[in-house]
Structure formats: C-alpha cells, structure tokens
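Coordinates in review
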Amino acid sequence: MKVILAGEGGKLPYFLAKRFASKGYDVTIISSDPEGSTVLARALDKAVVISGDGSDPRVLADADSATADVFVALTSQDARNLLMCQIASQRFGVPKTLALVNDPGNEENFCRLGIGAAFSPTNIIGSLVEQKISLDDINNLIPIEEGRVNISELVLKEGAPAVGLAIRDVPLLPEDAVIACIFRGDKVVIPRGKIVFEAHDKIVLITMPESLGAAIKALNGGRE
Amino acid sequence: MYVIIVGCGSLGGHLANELSREGQDVVVIDKHQSAFGELSSEFSGFQVIADATEAEVLISARIEDADAVVACTEDDNVNLMIAQIAKQIYNVPFVMARVFNPARTEIYNDLGIDTICPTTLSAIQFKKAIMAADLKE
C-alpha cells in the first residue's frame with residue numbers, strides 16, 4: 001500500500017511515516033518547508049521526501065500520486081488541505097483521501113465537498129479528554145469512525161451495582177451499549193443475557209459516545 | 001443584491017467600492033484591519049475582520065442569504081475553498097474565484113468553480129498589444 005503524507009514538515013508526518021513504514025507501507029512525504037524536508041529525508045531512510053506545496057498539481061505528479069492508495073493532508077491551513085485532497089482524488093484518482101481540519105467547523109463542509117474523511121484533532125482530543133476526566137474507571141478507549149462509536153474497557157469494582165446481576169437484569173443499561181466480552185481471571189466469558197457479573201470482571205463495552213457515561217454508571221456506579 | 005467579497009486587496013476593495021456606489025449591499029471580509037484602507041470614504045457596506053476559512057465567519061456574514069460571493073484573497077486555495085462552500089453548500093447563485101496560478105485553472109474548472117485568472121488575462125492583453133504594435137518580422 002502506498003501512502004502520501006502532505007504537510008509542513010515536523011513531528012506529525014515524521015512519526016506517521018515511521019509507523020506506516022514499519023507496517024511495510026510505501027510512504028511518500030510532501031513537505032512545504034524546505035528545511036523540514038531535509039530533516040525528514042535524513043531521518044527517514046524508508047520514505048521518499050519531496051519538497052513542495054502539495055496543492056500544486058506538479059508536486060503531486062512528482063510524488064507519483066497516481067500510484068497512491070491513500071492521500072493524507074496534514075497542513076495547518078484548511079483550504080490547502082481541502083484542495084490537495086480534491087486534486088489528488090480528481091486529477092490523480094487516489095481512492096482514499098483524508099484531511100486534517102484545523103477548524104472543527106469545517107469537518108462537515110469537507111465531507112460534503114467530497115473528502116473521504118475529515119478529522120479534527122480538536123474534536124478528537126476534546127472528546128477524549130472530556131470522557132477520560134469524567135470516567136476514571138475506563139482503562140482503554142478507542143474511538144471508531146471518527147468517534148461515532150467507542151470501544152472501551154472497564155473493571156467492575158467491589159460492590160458495583162452490576163455485581164451479582166445477570167447482564168439482562170442490569171437496570172438502566174442503555175439500549176445502545178453492548179457488552180462485547182468479559183475477561184474473568186484467565187477466562188474469556190462470552191456475554192449472554194444470563195451471565196452474572198462478578199467483581200473484578202474486565203468488561204469490553206461498545207457504545208455510542210453519548211451513552212458511555214450512562215453505561216458506566218449502570219455497571220460501576222459513580223458520578224454522572 | 002447582497003454581495004459578500006472575501007479579500008480586500010486592490011481587486012476586492014475596488015469591486016466593493018463600485019458595487020456600493022451602485023447601491024448594492026456589500027460585506028467585505030479580510031483577515032487584516034489594514035486591508036480596509038482600500039475602501040473609499042463613500043463605501044457604505046460592512047467590514048468584517050476575520051478569517052473566512054473559519055466556518056463560523058461565513059455563517060455570521062449570512063452567506064445563505066447572499067446573491068453573490070466573490071473570493072479574491074491572495075491565496076488561491078482559500079479562494080477555491082470559499083467558492084466551493086458558497087456554491088455547493090449554501091447554493092449561492094453567483095460565485096466567482098480569483099486564481100493566480102494558471103497551471104491549476106483546469107482543475108478548478110473541474111471542481112465546477114468559475115475562475116478569473118489575472119495572469120492569463122494580462123498575458124493575452126500583452127500579447128495582443130505586442131502583435132498589434134506591428135514590429136518587424
């Protein structure tokens with residue numbers, strides 16, 4: 001798989017390139033900062049680095065964009081990210097485009113203008129922080145589909161409301177919260193309605209973000 | 001007619017003055033306060049100091065009521081983003097963008113945006129003038 005990362009140089013494309021290269025992807029970086037390009041080219045022996053503005057079609061041609069599977073726009077300018085993705089997909093036929101949006105208000109606009117996926121670090125970090133702060137019991141939280149669904153992991157406390165109850169009998173467990181799996185000691189328990197919760201059960205939970213708080217409260221009690 | 005002009009450089013400012021003199025409702029948006037120096041003393045429209053690539057800014061300029069949006073900042077990408085938002089999301093009837101880089105014009109036309117490229121226009125005029133000067137072969 002070939003991935004093109006277009007940014008201004010710096011840490012984000014560097015660490016993404018390292019990550020993708022270690023997975024065996026072909027990585028090309030387009031960096032609009034000439035000094036940044038030199039630094040990236042020296043530091044990354046497995047990635048191709050091109051110095052230039054990714055919203056210039058000639059630079060995209062240099063990056064051999066027609067062979068790319070994914071194009072990711074990472075600059076601090078929303079307009080540039082939009083145009084790069086549009087040129088990559090319309091001119092070079094790149095099947096998947098992703099754009100970073102600096103203004104969260106542009107997330108919806110970008111999707112309506114044909115960008116495969118627009119992601120706002122403000123929204124992602126904001127929702128992570130908000131959910132972490134109010135939910136101390138969560139060990140792990142993975143947002144899926146730009147955070148439309150979360151997979152989270154929590155451990156049932158001694159005396160938690162759900163302990164001693166069968167899954168189907170837990171009151172107030174939201175409709176859109178699904179218990180995906182229970183780890184009990186060394187065992188994996190497949191969650192059926194009649195399974196009874198025990199203290200220290202590690203529960204893998206799939207929820208809509210808005211129901212996460214209510215699900216945790218139903219299982220483990222506490223605030224919210 | 002309600003017109004939003006994004007970018008108050010010499011083109012945006014001049015256009016805003018002309019439309020305002022004709023009695024049209026004009027709002028000019030620019031990131032820099034100093035840009036509004038281009039506006040004449042008779043200009044009777046509104047001035048908004050803001051970055052028009054922020055989604056909120058166009059909404060508060062009532063883009064959904066605009067009859068025309070002209071994007072003429074110094075940045076081609078910004079002009080094209082604003083033009084697309086105006087045309088495809090807010091269905092503004094008349095939308096035009098200024099674009100400096102002629103190498104990109106074709107792509108912009110593919111995006112369905114009407115553009116004016118001063119570079120191309122000047123080149124055509126210069127060429128016409130040179131040819132008309134009837135210099136020796």
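Here is a short report on the structure shown in this document. Please read these numbers as outputs of a predicted model, since none were measured by experiment.

**Let's talk about the packing of aromatic side chains**
Residues and elements named next belong to chain A. Under the criterion given, the structure shown has two aromatic pairs over all chains. Centre to centre, the rings of Tyr-14 and Phe-15 are 4.8 Å apart; their planes meet at 70°, and the pair counts as edge-to-face. Using a relative accessible area of 45% as the deciding quantity, one classes Phe-15 as partly exposed.

**Points about the layout of surface pockets**
Residues and elements named next belong to chain A. Looking at the largest pocket, its volume works out to about 740 Å³. Around the largest pocket, the lining comprises 18 residues; the ones closest to its centre are Leu-16, Phe-20, Val-72, Leu-98 and Phe-119. At the level of elements, α1 (11-22), β4 (70-73), β5 (96-100) and α6 (121-134) are the ones that each hand at least two residues to the lining of the largest pocket. Looking at which element gives the most residues to the lining of the largest pocket, the answer is α1, with four residues. Tallied by class, residues from the lining of the largest pocket come to 15 nonpolar, no polar and three charged.

**What about the packing of helix α4 (residues 78-90) of chain A against helix α3 (residues 76-89) of chain B?**
Taken N-terminus to C-terminus, the directions of α4 of chain A and α3 of chain B make an angle of 80°; their axes are 8 Å apart at the nearest point. As summarised for this structure, α4 of chain A and α3 of chain B are arranged roughly perpendicular, according to the angle between their axes. Contacts from Asp-78, Ala-79, Arg-80, Leu-82, Leu-83 and Gln-86 of chain A of α4 of chain A reach α3 of chain B at Asn-77, Val-78, Leu-80, Met-81 and Gln-84 of chain B. Of the residues contributing to the contact of α4 of chain A with α3 of chain B, the split by class is six nonpolar, three polar and two charged.

So, how was this worked out
Residues numbered from 1 in each chain as written. Chains lettered and ligands numbered in written order. Predicted model: local features only at pLDDT ≥ 70, side-chain atom pairs only at ≥ 80, totals over all residues. Heavy atoms only, no water. Phe/Tyr/Trp six-rings, centres within 6.5 Å; stacked < 30°, edge-to-face > 60°. Buried < 20%, exposed > 50% of the residue type's maximum accessible area, 1.4 Å probe, protein only. 1 Å grid on protein atoms, 1.4 Å probe; cavity = no way out; pocket = protein on both sides within 12 Å on 5 of 7 lines; lining within 4 Å. Points joined across faces, edges and corners; volume = space filled by probe spheres on them. Helix = DSSP H or I, 4+ residues; strand = E, 2+ residues; numbered from the N terminus. Nonpolar A, V, L, I, M, F, W, Y, C, P; charged D, E, K, R; others polar. Axes fitted to C-alpha atoms, helices over the stretch in contact; angles between N-to-C directions. Parallel < 35°, antiparallel > 145°, perpendicular 65-115°, else oblique. Contact = heavy atoms within 4.5 Å.

Structural measurements only, silent on function.
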